[in-house]
2 protein chains.
Amino acid sequence: MYDDSSARITAGLREWIGTAAPDARLPSTRSLVARYQASPVTVQKALRTLAAEGLVDSRPGVGTFVRAVRVARPHDYGWQTAALGSPPNRVPRLSSALRTVPNDVIALHSGYPDRELLPGGLVRAAFRRAARGDASVGRPPAAGLPELQAWFAAELGRHAPAGVAPPTPSDAVVFPGSQSGLSAAFRALVGAGRPLLMESPTYWGAILAAAQAGVRVVPVPSGVHGPDPKELTRAFEQTGARAFYAQPGFANPTGAHWPPALAGHVLDAVRRYGAFLIEDDWARDFGITAEPVPVAARDDGGHVVYLRSLTKSVSPAVRVAGVVARGPARERVLAEAQAESMYVSGLLQAVALDVVTQPAWRTHLRGLRHQLAARRDLLVRALGEHVPDAHLEAVPQGGLNLWVRLPDATDLDRLAGECEAAGVIVAPGDEWFPAEPTGRFLRLNYAGPGPGAFADGVRVIGRLLARQRPS
Amino acid sequence: MYDDSSARITAGLREWIGTAAPDARLPSTRSLVARYQASPVTVQKALRTLAAEGLVDSRPGVGTFVRAVRVARPHDYGWQTAALGSPPNRVPRLSSALRTVPNDVIALHSGYPDRELLPGGLVRAAFRRAARGDASVGRPPAAGLPELQAWFAAELGRHAPAGVAPPTPSDAVVFPGSQSGLSAAFRALVGAGRPLLMESPTYWGAILAAAQAGVRVVPVPSGVHGPDPKELTRAFEQTGARAFYAQPGFANPTGAHWPPALAGHVLDAVRRYGAFLIEDDWARDFGITAEPVPVAARDDGGHVVYLRSLTKSVSPAVRVAGVVARGPARERVLAEAQAESMYVSGLLQAVALDVVTQPAWRTHLRGLRHQLAARRDLLVRALGEHVPDAHLEAVPQGGLNLWVRLPDATDLDRLAGECEAAGVIVAPGDEWFPAEPTGRFLRLNYAGPGPGAFADGVRVIGRLLARQRPS
């Protein structure tokens, strides 16, 4: 069975050592020769290997002993460098927007709403109910709990205008969070080495998923009014891309929501070029003064693959998202979902469905709208007052963030570092650009904890930014 | 903003139609010409587009009207065929082992233990406790809940022999199920186009993950005694592979668990070739008459990347797995985890930790061991009695399955189909081979529902198999 009898002896002795007392004496070379039917040279070779591994000590003229203490030698993982090679893609590091920070700082960097904006009571009650039921030990189908599939389809379908067939429940595939949905969509619909159009700036998680999927990112200039249609057309024309990833509703980070005419134009473009729009509707539950119609609701030709997350609005503990796709695209997406995660906890799906079908959910969303409005306005006012150099091109009508342009000469890293030292955490805008940033931006979250301190935080930003002003 | 004024009019009217009553009359061509500052030809073009999309009806001499009924026309997704291209890899379809079947059949096909073998009471209580706590609305770090990381590390570390440094908590990364862990490990440690050694037969979910990751699978012959060390060495030598995926403890499907000498030999091989062993310890909680030492416990040089799942033994609702890796490999695995799923529900992690740290969990595992033994023996006896042509090379000392060889002339698909028609669901063994099957096998699960009917099910298999015997 073994092609090397020294290896056979090493293996056998290693096992013996594992159960032996510290300082136990190994059998003599002679007895090992007899036991393993091997030459003394071979036995010695095995013992040297064990000594090199730090498992035994050889005391000349006395014998070989199990080493008493676990050796705290520094590990050498250098061999892994060769085994792993260079990373196939420059996968960006995790964003500063995901950082968890102490409670005593003013946190304007996060991508998540504070827990006081979550429907905590509803979530807890739903977990309690689900714990009693079948979902705590059952296994749901790979595509998702049928009732939750139906909910995702109906949520999209209720926006469908006359003449457009709404999606069916089986068009929806449930994922363990929108990041998994994005990764699956990019792999399924684009694939490694092929071009994917993306707004620039755009969600850093999408940039991360694109890097992981190995797709070739083609940035399309975008801003507070959404992507530039002419540039989009040009990008389709020049690259032969078959997919465009975008956030038509309260884009992260710009806050843009597409006017109907722009949505129609993008739809026309994907139809003309035989392409997909991958619509990331992350902020569906975060509308303040607008409720955009999902682009996907206006298309029944399979051109829009629609991603809706519940994690941010329900709870980070409820990692559930739905992808709605039609035709062969849906099969591809489902195959990716299965290969990646097999199925999503049925209990989490039951909890998500429970929460969003309670009448109190609608009440919660209405309250949330008012809270987001108040927090947004507070931050906007504070910026106007304390950071005269900041430029806010538009006040977003939904979402969680302000996208603030600073003077071009700003040293963003220095600013972020000095802010942090002063107890204010901000997210430099560079992470949201798939290519070079076109300016100096900060993304400021108005949904974080402690809005009472927002004005103080903004005052700190203003003071530290002023220091960078050429005198 | 638009490069085509007809598209602009189409987009505007589409929006108008979305909010209009059925049969509403569109503004006249003349008024559209005025509103959009476009030529009558352009307006007519836009109206024709809308008619082609089924949104409006044109009644010559009367006007254009919003179409009243949603058109149930068959959708043509043919364009997607060109957009998607051929799938980059032949991704296998979902295994029959994941099928959900009606209650009134005898199910021997599943890869999961029946819910009566799960610690349902513990899981429900843990969900209730977690629902009250912070985990229901909090967001855990990307690498996992620190306490759960520590548990995964300690579980592995308690097997570490003298002289081998146990892993630290930060070496563990938490995944939303072992399928995600496998996919991440294959992408992180191997990468698309590079060779990965795999036992043949092996777990179909790993074959699926390998196809998705686009790695080049190199099968290494394996069986009830584990992989052939000579073939393993040869495969490393010939392919330059830097990773070997294997299940040293109660392999699925063969039931093999590696004797210590084989584990030592494989360790020596991965060290010699500067390679990783990706150890899938899926059956850690399903030992019956043996409790193998994880190979990973014997290595502190970063050569073994260890995967431990809790989904099968705790509950399918608790999709939680841990990957323990050291050195740069751990960074790569964590980067994949983040790009793929960002983080795992903190509530599921809290529930998993709660269950496995209860004293009642140990009691449950002891009871489970007896139940698995009884069920296994029952199925083995029934096979001996009713299927004389079946060959069981070894009775597994753990795991959930028997791996049964049938005569080479057996038509497996016919057998499975006829069994199903007779109310007995079996899993043909072909799905477990990454290459051509080397024989006709059935994988029979003894952990499914209703062991009282196992003998009946096996009798059916025997009867239908006998029909295929050459007369």
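Residues numbered from 1 in each chain as written. Chains lettered and ligands numbered in written order. Predicted model: local features only at pLDDT ≥ 70, side-chain atom pairs only at ≥ 80, totals over all residues. Heavy atoms only, no water.

Caption draft 1: Main features of the overall build of chain A. Broken down by element type, chain A carries 15 helices and 14 strands. For chain A, whose C-alpha radius of gyration is 29 Å, the value lies well above the compact-globule estimate of 23 Å for 471 residues. Dimensions of chain A, computed from C-alpha atoms along their principal axes, come out at roughly 90 × 60 × 55 Å. A separation of at least 24 residues holds for 73% of the contacts in chain A among residues at least 6 apart in sequence. (Helix = DSSP H or I, 4+ residues; strand = E, 2+ residues; numbered from the N terminus. Rg over C-alpha atoms; globule rule 2.2 N^0.38 Å. Contact = heavy atoms within 4.5 Å.)

Caption draft 2: Structural detail: the relation of the copies chain B and chain A. When chain B is brought onto chain A, the operation consists of a screw motion whose angular component is 180 degrees and whose axial shift is 0.1 Å, with 0.1 Å RMSD remaining. Here the symmetry operator amounts to a two-fold rotation axis. Identified as the residue of chain B closest to the rotation axis by C-alpha distance is R128(B), at 2.6 Å. An overlap of 99% is found between the interface residues of chain B and their copies at the interface of chain A, pointing to a shared contact surface. (Least-squares fit on C-alpha atoms with pLDDT ≥ 70 in both.)

Caption draft 3: Inspection of the environment of P113(B) at higher detail. Residues and elements named next belong to chain B. You can see P113 is positioned in the loop between β3 (106-107) and α5 (120-132). Counting along the chain gives 335 residues from P113 to G448, while the straight-line C-alpha distance between them is 5.5 Å. Those residues in contact with P113 that lie beyond four places of it in its chain are L118, F286, K312, L400 and A447.

Caption draft 4: Representation of the interface of chain B and chain A. Contact with chain B, which involves 113 residues of that partner, is made by 115 residues of chain A. Note on chain B versus chain A: buried area summed over both sides is about 10000 Å², and carbon and sulfur give 55% of it. On inspection of chain B and its partner chain A, the count reaches 6 salt bridges. The salt bridge partner of D268(A) is R14(B), with a shortest N-O separation of 2.9 Å. Inspection of the region where chain B meets chain A yields 46 residue pairs in polar contact (both at pLDDT 80 or more). Broken down by class, the residue content of the side of chain B that touches chain A amounts to 52 nonpolar, 34 polar and 27 charged. (Buried area = accessible area lost by both parts, 1.4 Å probe. Salt bridge = Lys/Arg side-chain N within 4 Å of Asp/Glu carboxyl O. Polar contact = N/O pair within 3.5 Å; in protein donor to acceptor, adjacent residues only side chain to side chain. Nonpolar A, V, L, I, M, F, W, Y, C, P; charged D, E, K, R; others polar.)

Caption draft 5: Summary view of the environment of T311(A). Residue and element names in this part refer to chain A. For T311, the position within the fold is in the loop between β9 (304-309) and β10 (321-324). Residue classification places T311 among the buried residues on the basis of a relative accessible area of 2%. C-alpha of T311 to C-alpha of A352: the two residues are 41 residues apart in sequence and 8.8 Å apart in space. (Buried < 20%, exposed > 50% of the residue type's maximum accessible area, 1.4 Å probe, protein only.)

Caption draft 6: Molecular detail of the packing of helix α6 (residues 146-157) of chain B against helix α13 (residues 346-356) of chain B. Residue and element names in this part refer to chain B. Running from N to C, α6 and α13 cross one another at 45 degrees; their axes reach a closest spacing of 9 Å. Taken together, the axes of α6 and α13 lie oblique to each other. The hand of the α6/α13 crossing is left-handed. Together, E147, L148 and W151 of α6 and Q349, L353 and V356 of α13 make up the contact between the two elements. (Axes fitted to C-alpha atoms, helices over the stretch in contact; angles between N-to-C directions. Parallel < 35°, antiparallel > 145°, perpendicular 65-115°, else oblique. Left-handed = near helix turned anticlockwise from the far one by under 90°.)

Caption draft 7: Geometry of the environment of P146(A). All names here are of chain A. Structurally, the position occupied by P146 is in helix α6 (residues 146-157). Given a relative accessible area of 44%, P146 falls into the partly exposed group. Sequence separation of P146 and R369 is 223 residues, and the distance between their C-alpha atoms is 30 Å.

Caption draft 8: Local environment of the side chain of S136(A). Structurally, S136(A) can be placed in the loop between α5 (120-132) and α6. A polar side-chain atom of S136(A) sits 3.4 Å from a polar atom in the side chain of R124(B).

Caption draft 9: Just helix α15 (residues 412-421) of chain B, in detail. Residue and element names in this part refer to chain B. Among the residues of α15, L412, L415, A416 and C419 are the ones counted as buried. For α15, the angular spread of the buried residues around the axis is 95 degrees, confining them to a single face. In α15, the exposed positions angled more than 90 degrees off the buried face are occupied by D413 and A421. The elements touched by buried residues of α15 are β11 (401-406), β12 (424-425), β13 (427-428), β14 (440-445) and α16 (454-467). The N-capping residue of α15, defined by a side-chain oxygen 3.3 Å from the backbone nitrogen of D413, is D411. (Arc of directions from axis to C-beta.)

Caption draft 10: Here's a closer look at the sheet that holds strand β7 (residues 243-246) of chain B. Residue and element names in this part refer to chain B. Strand order in this open sheet of 7 strands is β4-β10-β9-β8-β7-β5-β6, and the pairing throughout is mixed. For this open sheet the edge positions go to β4 (172-175) and β6 (216-221), each flanked by a neighbour on one side alone. Going from strand to strand, the sheet's axes swing by 20 degrees on average, the running direction of each strand aside. As defined by bridge partners, β4 adjoins strand β10 (residues 321-324) across 4 bridges and the pair is classed as antiparallel. Looking across to β10, one finds that V173 is bridged to V323. Running over the sheet, α6 touches β4, β9 (304-309) and β10 and is turned about 115 degrees from β4. Docked against the sheet, helix α12 (residues 328-341) engages β4, β8 (276-280) and β10, running at close to 20 degrees with respect to β4. (Pairing = 2+ DSSP bridges.)

Caption draft 11: Examining a positive patch on the surface more closely. On the surface, a cluster of positive charge is contributed by R128(A), R132(A), R128(B) and R132(B). Residue assignment for the positive patch shows that the elements contributing at least two residues are α5 of chain A together with α5 of chain B. Overall, R132(A) belongs to the exposed group, its relative accessible area being 60%. (Patch = residues over 30% accessible without salt bridge, like charges linked within 9 Å, V, L, I, M, F, W, Y side chains within 5 Å. Areas by Shrake-Rupley, 256 points an atom, 1.4 Å probe, with all protein chains shown as cover. Lys, Arg positive; Asp, Glu negative; His and termini not counted. Charge placed at Lys NZ, Arg CZ, Asp CG, Glu CD.)

Caption draft 12: Local environment of the pairing of β9(A). Residue and element names in this part refer to chain A. Burial analysis of β9 places 6 of its 6 residues in the buried class, the great majority of the element. Taking every second residue as pointing to the same face, both faces of β9 are buried, with V304, Y306 and R308 on one and V305, L307 and S309 on the other. Pairing between strand β8 (residues 276-280) and β9: 4 bridges, direction parallel. Among the inter-strand pairings, E279 is bridged to a residue of β9, identified as Y306. Pairing between β9 and β10: 4 bridges, direction antiparallel.

Caption draft 13: View of the side chain of R375(A). Residue and element names in this part refer to chain A. Inspection of the secondary structure puts R375 in helix α13 (residues 359-386). Within polar-contact distance, the side chain of R375 engages the backbone oxygen of Y446 at 2.9 Å. If we skip the residues at most four places from it in the chain, R375 touches D114, E116, L117, Y446, A447, G448, P451 and F454.

Caption draft 14: Representation of a negative patch on the surface in the model. The grouping of D411(A), D413(A), D430(A) and E431(A) at the surface amounts to a negative patch. Here E431(A) is to be found in the loop between β13 (427-428) and β14 (440-445).

Caption draft 15: Focus on the sheet that holds β9(A). Residue and element names in this part refer to chain A. Taken in spatial order, the 7 strands line up as β4-β10-β9-β8-β7-β5-β6 in an open sheet, and their pairing is mixed. Looking at the sheet topology across the chains shown, the edges are occupied by β4 (172-175) and β6 (216-221). Put simply, the sheet's adjacent strands are angled 20 degrees from each other on average, direction ignored. Bridge analysis of strand β7 (residues 243-246) against β8 gives 4 bridges, and the strand direction is parallel. The residue bridging F244 from the neighbouring strand is L277, located in β8.

Caption draft 16: Local environment of the packing of aromatic side chains. Under the criterion given, the structure shown has 23 aromatic pairs over all chains. On the basis of an interplanar angle of 15 degrees and a centroid distance of 6.5 Å, the ring pair of F244(A) and W258(A) is categorised as stacked. Here W258(A) lies in the loop between β7 and α10 (260-272) and F244(A) lies in strand β7, a separation of 14 residues in the sequence. Ring centres of W151(B) and F152(B) lie 5.3 Å apart, and the angle between their planes is 70 degrees; this geometry places the pair in the edge-to-face category. Judged by relative accessible area, F152(B) falls into the buried class, the value being 2%. Through successive ring pairs, a cluster of aromatic residues spans W403(A), W432(A), F433(A) and F441(A). Note that K312(B) overlies the ring of Y112(B), its terminal NZ or CZ placed 5.0 Å from the centroid. (Phe/Tyr/Trp six-rings, centres within 6.5 Å; stacked < 30°, edge-to-face > 60°. Lys NZ or Arg CZ within 6 Å of the ring centre and 35° of its normal.)

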